[in-house]
Amino acid sequence: MASLNVGNLGEYLREQRRNAQLSLRQLADAAGVSNPYLSQIERGLRKPSADILQQLAKALRISAETLYVQAGMLDEREREELETRAVILADPSINERQKQVLLQIYESFRKENALDTESAEGTESTDGPESTERTKDTEAAESAGTGTAERAAGADAGGSGTTHGSAATPPSH
């Protein structure tokens, strides 16, 4: 059989398996796949599905997104975004409402930065009125995002008995 250009994935899996001090058979059992199939993946002869990669990642106690990147199923930037979201959602020190607000702010900043990148690549001359409008929009979005975070932090600070300034006073801009 010819290699399916998944050699990097196979090498990476073998390295992770060895780091976890697992035999091929132990990892196959833990991930619920057959020993020969796992061997073929490690040798670059088989391309596993996303489900199989997720099972392998769980058994190795590593990020499934990392395996998706290695397999060419996910872009590195997408992996970073997913991992950032996972860290926020897993943080036990903030409540669910705070997590949702933080994710909304994170997404708004990502969209804003994508627009900034597109406009920088689009035209060289941005000295006209559109440039001024974009600056005002950007400032408004940043103020809104910061205000939301401050309101969320202030509301929770007031309710938890911990004071981080006056929770009753709205932030001034």
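Residues numbered from 1 in each chain as written. Predicted model: local features only at pLDDT ≥ 70, side-chain atom pairs only at ≥ 80, totals over all residues. Heavy atoms only, no water.

**Looking at the overall build of the protein chain**
Here is the rule: A run of DSSP states H or I qualifies as a helix once it reaches four residues; a run of E qualifies as a strand once it reaches two. Both are numbered from the N-terminal end. A simple rule labels every residue: compare its accessible area, found with a 1.4 Å probe on the protein chains alone, to the largest value its type can have, and call it buried under 20%, exposed over 50%, or partly exposed in between. We call two residues in contact when some of their heavy atoms are within 4.5 Å. All accessible-area figures derive from a Shrake-Rupley calculation using a 1.4 Å probe, and residue coverage is judged against the displayed protein chains alone.
Secondary structure assignment for the protein chain yields 8 helices and 0 strands. Secondary structure elements in the protein chain, listed N-terminal to C-terminal, are α-α-α-α-α-α-α-α. Expressed as a percentage of the 173 residues in the protein chain, the buried residues total 27%. Across the protein chain, the fraction of contacts at a sequence separation of at least 24, relative to all contacts at a separation of at least 6, is 49%. Total accessible area computed for the protein chain in this model is approximately 11,400 Å², and 49% of it derives from carbon and sulfur atoms.

**Let's talk about the side chain of Arg-17**
Relative to the helices and strands, Arg-17 is located in helix H1 (residues 7-19). Those residues in contact with Arg-17 that lie beyond four places of it in its chain are Leu-22, Ser-23, Leu-24, Leu-27, Glu-42 and Leu-60.

**Here we look at the pattern of salt bridges**
We count it as follows: The working definition used for a salt bridge is a side-chain nitrogen of Lys or Arg within 4 Å of a carboxyl oxygen of Asp or Glu.
Applying the stated criterion across every chain, the model contains 6 salt bridges. Here Glu-42 and Arg-14 are joined by a salt bridge, their closest N and O atoms 3.4 Å apart. Placement of Glu-42 in helix H3 (residues 35-42) and of Arg-14 in helix H1 is noted, with a sequence separation of 28 residues between them. Across the salt bridge formed by Lys-99 and Glu-96, the nearest N and O atoms sit 3.3 Å from each other.

**Comments concerning the nonpolar core**
Note the cut-off: Buried residues of nine kinds, namely Ala, Val, Leu, Ile, Met, Phe, Trp, Tyr and Cys, make up a nonpolar core once their side-chain atoms join them within 4.5 Å.
Counting residues in each nonpolar core, the largest one holds 19 residues, and the members touching the most others are Leu-9, Leu-13, Val-33, Leu-38, Leu-53, Leu-56 and Leu-67. Secondary structure elements with two or more residues in this core: H1, helix H2 (24-31), H3, helix H4 (50-60) and helix H5 (64-70). The dominant element in this core, judged by the number of residues it contributes, is H4, at 5 residues. Not counting residues up to four positions away in its chain, the partners in contact with Leu-56 are Leu-13, Leu-27, Ala-31, Leu-38, Ile-41 and Leu-67.

**Overview of the packing of helix H6 (residues 76-90) against helix H7 (residues 96-122)**
Selection criterion: Angular values range over 0 to 180 degrees, each being the angle between N-to-C directions of two axes fitted as lines to C-alpha atoms, with helices fitted over their stretch in contact. Put simply, angles under 35 degrees are roughly parallel, angles over 145 are roughly antiparallel, angles from 65 to 115 are roughly perpendicular, and the rest are oblique. By convention the crossing between two helices is left-handed if the near helix lies anticlockwise of the far one by an angle smaller than a right angle, and right-handed if it lies clockwise. In this classification, Asp, Glu, Lys and Arg are treated as charged, Ala, Val, Leu, Ile, Met, Phe, Trp, Tyr, Cys and Pro as nonpolar, and every other residue, Gly included, as polar.
Put simply, H6 and H7 touch, their axes get as near as 9 Å, and they point 160° apart. It follows that H6 is roughly antiparallel to H7 by the angle criterion. In this structure, H6 crosses over H7, and the sense of that crossing is right-handed. Residues Glu-81, Thr-84, Arg-85, Ile-88, Leu-89 and Ala-90 of H6 form the contact with H7, whose own contacting residues are Lys-99, Gln-100, Leu-102, Leu-103, Tyr-106, Glu-107 and Arg-110. Broken down by class, the residue content of the contact of H6 with H7 amounts to 6 nonpolar, 2 polar and 5 charged.

**Some words on unusual backbone geometry**
Positive phi, normally seen in glycine, also occurs at Gln-21, with a value near 55°. Along the chain, Gln-21 falls in the loop between H1 and H2.

**A closer look at H2**
For clarity, the threshold we go by: By definition, the arc is the one covered by directions from the helix axis to the C-beta atoms.
All buried positions along H2 are accounted for by Leu-27, Ala-28 and Ala-31. Buried positions in H2, seen along its axis, are confined to an arc of 100° and lie on one side of it. Opposite the buried face of H2, at more than 90 degrees from it, the exposed residues are Arg-25, Asp-29 and Ala-30. Just beyond H2, the residue with positive phi is Gly-32, at close to 75°.

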